[in-house]
Amino acid sequence: MTSRKVAAGGVDQAAFTALVAPLRRELHAHCYRMLGSAHDADDALQDALLRAWRGLPGFEGRASLRSWLYTVATRTCLDVVAGRRRRALPVDLGPASERAVPDNPPAHHVAWLGPYPDADLAAGPAAPDVRYEQREAVELAFVAALQHLPGNQRAALLLFDVLGFSAAEIAAMMSTSTTSVNSALARARRVVAERVPAASQLRTLRTLDDARLREIVTGYATALENGDADTLIALLTEDVTWSMPPMPHWYRGLDAVMDFARELPLTRCGSWRHLPTSANGQPAVASYLRPGGTGPHLPWSIDVLTLRGARIAEITSFVAASHFPVFGLPDALPPSAGGPARRDAP
């Protein structure tokens, strides 16, 4: 586009950008819920807004701007869903490993679920009488469950239970009948109910004060940095799981998780540094690794912590430096002032 004013009804591109700006963040979150990847959400939202701008001559105000933009964004995401495999976590692909698997190469043929930076995500519900608050609807368990739904069911559930559109509005958005929307919604709710814990992370976090939450996050990071197995054990539930997409092997239960932890991150990986962050409406840490004896610590993983009570029930380590810019995180950390907390492994 070489000119701000084109055939889209003579509408100024800058004015259109300003008009949609208040809705951009929630539209991006909707695209993430549909697609399971922040990077895919970036591309889908850019495509959707381009479609919306070009389609302005056909928008005559019969619906609200918000409804119209969600229509375009949902249809754009449905096009993507139709042409791609569903995104997965390691727990979807096979049984847990009982012992540490040091040789656990990435499975690049799998479309992996990715983490979501929630710093700017609105709190509370998007509309009255919806089932899920905005932050609940990006939690890992919920987004992972959505990936098991066909596109039309995924869209119906999100538009109705998260965003508060009526069945009639959704039918118009998806060019179908109200009966079809209600049927898709019922089927989607059954699948999600089977896969999502009764207590959301939002509800769990509300039972913890800020000091206790900081203790958990800091304790996890410090245990890894110090190679402290006892501190890590004290933070975990008996049935804890640890997965590391894109690595396919994962671990369930305290014995298996600690066998992995002692074999690799607590001893042999190198020197760790961490920054606290938040992802998918959950506490998280950005893990930086220095595998050798000198030099900076480089991005390794975004570790999303799922809590049950005041303990960690799941660790999902999204391993890839490409996740860090999405979270606005630095691309390296210098060694701490006192040097590494523990000796690097040879």
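Just so we're clear, the structure is a prediction, and the values are computed from it rather than from any experiment. (Residues numbered from 1 in each chain as written. Predicted model: local features only at pLDDT ≥ 70, side-chain atom pairs only at ≥ 80, totals over all residues. Heavy atoms only, no water.)

Draft legend 1. Spotlight on the environment of Leu146. Within the element layout of this structure, Leu146 appears in helix H4 (residues 140–146). Leu146 has contacts with Arg33, Arg154, Leu157, Leu158 and Val192, leaving out every residue within four places of it along the chain. (Helix = DSSP H or I, 4+ residues; strand = E, 2+ residues; numbered from the N terminus. Contact = heavy atoms within 4.5 Å.)

Draft legend 2. How the structure looks around the packing of helix H1 (residues 13–35) against helix H3 (residues 65–83). Their axes nearest at 10 Å, the elements H1 and H3 cross at an angle of 30°. As summarised for this structure, H1 and H3 are arranged roughly parallel, according to the angle between their axes. The crossing of H1 and H3 is right-handed. Counted together, Leu19, Val20, Leu23, Glu26, Leu27, His30, Cys31, Met34 and Leu35 of H1 and Leu65, Arg66, Leu69, Tyr70, Ala73, Thr74, Cys77, Leu78, Val80 and Val81 of H3 form the full contact between these two elements. Among the residues making up the contact of H1 with H3, the classes are represented as 15 nonpolar, two polar and two charged. (Axes fitted to C-alpha atoms, helices over the stretch in contact; angles between N-to-C directions. Parallel < 35°, antiparallel > 145°, perpendicular 65-115°, else oblique. Left-handed = near helix turned anticlockwise from the far one by under 90°. Nonpolar A, V, L, I, M, F, W, Y, C, P; charged D, E, K, R; others polar.)

Draft legend 3. Spatial organisation of the sheet that holds strand E4 (residues 282–290). Pairing is mixed across the open sheet formed by six strands, whose spatial order is E2-E1-E6-E5-E4-E3. Two strands bound the open sheet, and with one partner strand each, they are strand E2 (247–252) and strand E3 (271–279). On average, each strand axis in the sheet is tilted by 20° relative to the strand beside it, whichever way the strands run. Here helix H9 (residues 210–226) sits on the sheet in contact with strand E1 (236–244), E3, E4, strand E5 (298–308) and strand E6 (311–319), set at roughly 155° to E3. With respect to the sheet, helix H11 (residues 254–263) is in contact with E1 and E2, its orientation differing from that of E1 by roughly 50°. (Pairing = 2+ DSSP bridges.)

Function cannot be read off these values alone, since they describe shape.
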